[in-house]
Amino acid sequence: MSTLEFCDVTVSYGRRVAVGAFADRIESGEWVGVIGPNGAGKSSLLRAAAGLVASSGTISVDGSPLAAMSDRERASRVAYVAQSPLIPDDMTAFDYVLLGRTPYVGYFGTESSHDRAVAVDVIDRLRLGEFAGRMMGSMSGGERQRVVIARALAQEAPVLLLDEPTSALDIGHQQQALELVTELREQQAITVVSAMHDLTLAGTYTDRLVLLDGGTVVARGDAADVLTADRLGEVFHVCVTVDVDPDDGTVIVVPRRGFPAR
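All values reported here derive from a predicted model rather than from experimental measurement. (Residues numbered from 1 in each chain as written. Predicted model: local features only at pLDDT ≥ 70, side-chain atom pairs only at ≥ 80, totals over all residues. Heavy atoms only, no water.)

Enquirer: Hey, could you run me through the pairing of strand S8 (residues 191–195) in this one?
Expert: Looking along a regular strand, one sees the side chains alternate between the two faces of the sheet. For S8, a buried count of five out of five residues is recorded, marking the element as mostly surrounded by other parts of the structure. Burial along S8 is two-sided: the face carrying Thr-191, Val-193 and Ala-195 and the face carrying Val-192 and Ser-194 are both buried. Sheet topology note: the strand S3 (residues 31–35)/S8 ladder contains four bridges and is parallel. Along S8, the bridge assignment pairs Val-34 with Ala-195. Sheet analysis places strand S7 (residues 159–163) next to S8, joined by five bridges and oriented parallel. The residue bridging Asp-163 from the neighbouring strand is Ala-195, located in S8. Handedness of the crossover joining S7 and S8 through helix H6 (residues 171–188): right-handed. (Buried < 20%, exposed > 50% of the residue type's maximum accessible area, 1.4 Å probe, protein only. Helix = DSSP H or I, 4+ residues; strand = E, 2+ residues; numbered from the N terminus. Pairing = 2+ DSSP bridges. Right-handed = clockwise from strand over helix to strand, strands pointing away.)

Enquirer: Just to check I follow, could you spell out the sheet that holds strand S2 (residues 16–26) for this structure?
Expert: Within a beta sheet, neighbouring strands are joined by backbone hydrogen bonds and run either parallel or antiparallel to one another. Here four strands make up an open sheet; going across it, the order is S2-S1-S4-S5 and the pairing antiparallel. Since the sheet does not close on itself, it has two edges, and those belong to S2 and strand S5 (64–65), each with one partner. Sheet topology note: the strand S1 (residues 4–13)/S2 ladder contains seven bridges and is antiparallel. Bridge pairing links Ser-12 to Val-17 in S2.

Enquirer: Sorry, what's going on with unusual backbone geometry here?
Expert: With the exception of glycine, the majority of residues adopt a negative phi angle, and the majority of peptide bonds are in the trans configuration. Positive phi values are uncommon outside glycine, yet Glu-156 reaches one of about 50 degrees. Structurally, Glu-156 can be placed in the loop between helix H5 (141–154) and S7. On the basis of relative accessibility, which here comes to 37%, the residue Glu-156 falls in the partly exposed class.

Enquirer: Mind showing me how you'd approach the pattern of salt bridges here?
Expert: Between side chains of opposite charge, a pair can form as their charged atoms come close. Under the defined criterion, the tally for this structure stands at 13 salt bridges. For Glu-183, the salt bridge identified is with Arg-125, shortest N-O distance 3.3 Å. Of the two residues, Glu-183 is situated in helix H6 and Arg-125 in helix H4 (residues 113–125); the sequence distance between them amounts to 58 residues. On the basis of relative accessible area, Arg-125 is assigned to the partly exposed category, the value being 33%. With a closest N to O distance of 2.6 Å, Arg-185 and Asp-207 form a salt bridge. (Salt bridge = Lys/Arg side-chain N within 4 Å of Asp/Glu carboxyl O.)

Enquirer: Which parts of the structure should I look at to understand the pairing of S7?
Expert: With respect to burial, S7 is a largely interior element, five of its five residues being buried. Where strand S6 (residues 78–81) lies against S7, four bridges are found, and the strand directions are parallel. Residue pairing across strands places Tyr-80 opposite Leu-161, the latter belonging to S7.

In structure tokens, the structure reads:
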């Protein structure tokens, strides 16, 4: 159970500000979806939290700044699924998932039976058993993406960062992966921040949304408050219809033909 807090976090690439003075507090067990058009700063924000890009301001877990932690300690607190991870072709899926246990293995140690059991459990839950012995290089993009998610879940960090985790998955495997994250969140109170392009999925699975545009927050709140047709037209420059399921309140965003009025 951990709280993730951003305090005036800014990410810049040269003179270009990708994220400007972002502030938010994600409570223990909460799932926040970060949405926005390409270049809005979603990935930069997550990469800053993962320690992969430089940033100013403070990002902390349970009040402890991540920047002051060693790589091993940070990895035990925060797991990260990259949008386009570097994956070794000559490693089996099982061994790749087992890498998620690295923060808990001594520098000259080997994985314990518990570490291996955690990897097997995650592989089974994501229905990846048939791929466990296959080389990563022999898999399709969607299969590899599921293994990448499995590695992050095997890390058992209290904070999980997901950068477009379902972009390469078909609809069935999208639901599988997101339902597993939901299950783990409910069972272990893990804190989740995910960048997602599919607005309907984002609104369905998250507790609340943060909409970025040009590195700044345009809106934040419940899906019904953030995902309005007028706001999405203004930010994404699209025509959409937004419906709310009367039974469960799911917000459904459907593109329609035409261009928004300017």
